[in-house]
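Understanding the architecture of this molecule
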Amino acid sequence: MNSETVPLVWMGLAFGVAAILALAVLTTLGFDTQSLGAALRVTARWSFLLFWLAYAGGPSAALFGQSFVPLARSGRTLGLAFAAAHLVHVGLVVWLYRISAKPPLSDSLFAFFALGLVCIYTLAILSFGGLSQALGPRWWRRVRFVAMNYILLAFARDFVPAGIHSASLAKGYAHFVAYAPFAALSIAAPLLAIAAAARRRQPERHAVA
């Protein structure tokens with residue numbers, strides 16, 4: 001299996017899992033707006049896990065050593081798998097808008113999440129055909145940094161407030177399990193990146209000293 005086939009296989013698998021999860025929820029609960037909301041929550045979490053691994057792989061390798069190097073090297077594959085899985089989520093959003101009596105999101109929140117989608121699929125497109133190389137290493141790093149962190153912010157906007165609220169258990173353990181772990185991962189990801197950046201700068205400081 002060559003280097004370009006592996007990402008395509010992972011994309012197909014990630015999309016298939018997302019589709020199966022959505023179908024399982026909808027066939028169990030029905031096809032109304034509440035059921036679509038449940039399917040959206042499930043598919044969002046599946047795609048987030050793939051995104052989180054793509055985001056955290058490099059920092060984890062820098063902080064914790066060789067055991068995480070394979071994860072870091074799989075960043076592109078995991079990122080493309082995330083983009084493929086998220087297509088199912090996007091399709092459910094379109095469906096929800098079509099059957100809802102009023103828009104599920106405010107205009108400002110819709111624009112906020114829509115920009116996240118632009119970031120996701122811009123990175124996915126640039127990952128093929130040497131387009132990222134055409135940008136040059138410096139600009140590609142900048143584009144990737146901005147896009148990845150905006151995507152993380154979009155997930156955090158969904159998970160963190162609800163996760164903090166769920167800590168009181170006012171809505172029960174199911175709500176806590178549905179939000180708190182994902183809120184914790186959303187907060188942990190940038191902390192890992194900051195710690196890894198500080199670790200990488202340490203040799204430079206010693207060399208200057």
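A brief structural summary. Here the structure is a predicted model, which means the values were calculated and not measured.

The rules behind each value
Residues numbered from 1 in each chain as written. Predicted model: local features only at pLDDT ≥ 70, side-chain atom pairs only at ≥ 80, totals over all residues. Heavy atoms only, no water. Helix = DSSP H or I, 4+ residues; strand = E, 2+ residues; numbered from the N terminus. Rg over C-alpha atoms; globule rule 2.2 N^0.38 Å. Buried < 20%, exposed > 50% of the residue type's maximum accessible area, 1.4 Å probe, protein only. Contact = heavy atoms within 4.5 Å. Phe/Tyr/Trp six-rings, centres within 6.5 Å; stacked < 30°, edge-to-face > 60°. Lys NZ or Arg CZ within 6 Å of the ring centre and 35° of its normal. Axes fitted to C-alpha atoms, helices over the stretch in contact; angles between N-to-C directions. Parallel < 35°, antiparallel > 145°, perpendicular 65-115°, else oblique. Left-handed = near helix turned anticlockwise from the far one by under 90°. Nonpolar A, V, L, I, M, F, W, Y, C, P; charged D, E, K, R; others polar. Core = buried A, V, L, I, M, F, W, Y, C linked by side-chain atoms within 4.5 Å.

Thoughts on the overall build of the chain
Helix and strand counts for the chain stand at eight helices and zero strands. On C-alpha atoms alone, the chain measures out to a radius of gyration of 19 Å, which is about the 17 Å that the 2.2 N^0.38 rule sets for 209 residues. Across its three principal axes, the chain shows a C-alpha extent of roughly 65 × 45 × 35 Å. When each of the 209 residues of the chain is scored for burial, the buried share is 37%. Considering only contacts in the chain between residues 6 or more positions apart, those separated by 24 or more positions represent 73%.

Considerations on the packing of aromatic side chains
A complete count under the given rule lists 14 aromatic pairs for this structure. Ring centres of F112 and F113 lie 5.3 Å apart, and the angle between their planes is 70 degrees; on these two criteria the pair is classed as edge-to-face. Judged by centre distance (5.4 Å) and plane angle (50 degrees), the ring pair of F112 and Y150 falls under tilted. On the criterion of sequence distance, the pair formed by F112 in helix 5 (residues 107-126) and Y150 in helix 7 (residues 137-166) is long-range, its members being 38 residues apart. In textbook terms, an aromatic cluster arises when at least three aromatic residues are bridged by ring pairs, as seen for F48, F51, Y55, F82, F155, F159 and F182. The ring of Y179 has R45 lying over it, and the distance from NZ or CZ to the ring centre is 4.7 Å.

Here's the deal with the packing of helix 2 (residues 33-64) against helix 4 (residues 75-99)
One can describe the packing of helix 2 onto helix 4 by two numbers: an axis separation of 8 Å at closest approach and a directional angle of 165 degrees. Judged by the inter-axis angle, helix 2 sits roughly antiparallel to helix 4. Of the two possible hands of crossing, helix 2 and helix 4 adopt the one that is left-handed. Per-class residue counts for the contact of helix 2 with helix 4 are 19 nonpolar, seven polar and no charged.

Side note on the nonpolar core
Soluble globular proteins tend to bury their nonpolar side chains together. If you look at the biggest cluster of nonpolar residues, it comprises 50 residues, and the most contacted ones within it are F48, F51, L92 and I151. Those elements that place two or more of their residues in this core are helix 1 (5-29), helix 2, helix 4, helix 5, helix 7 and helix 8 (173-208). Take this core: its biggest share by element is 12 residues, from helix 2. Discounting residues that sit within four places of it in the chain, L92 has contacts with A22, L26, L36, A39, L40 and T43.

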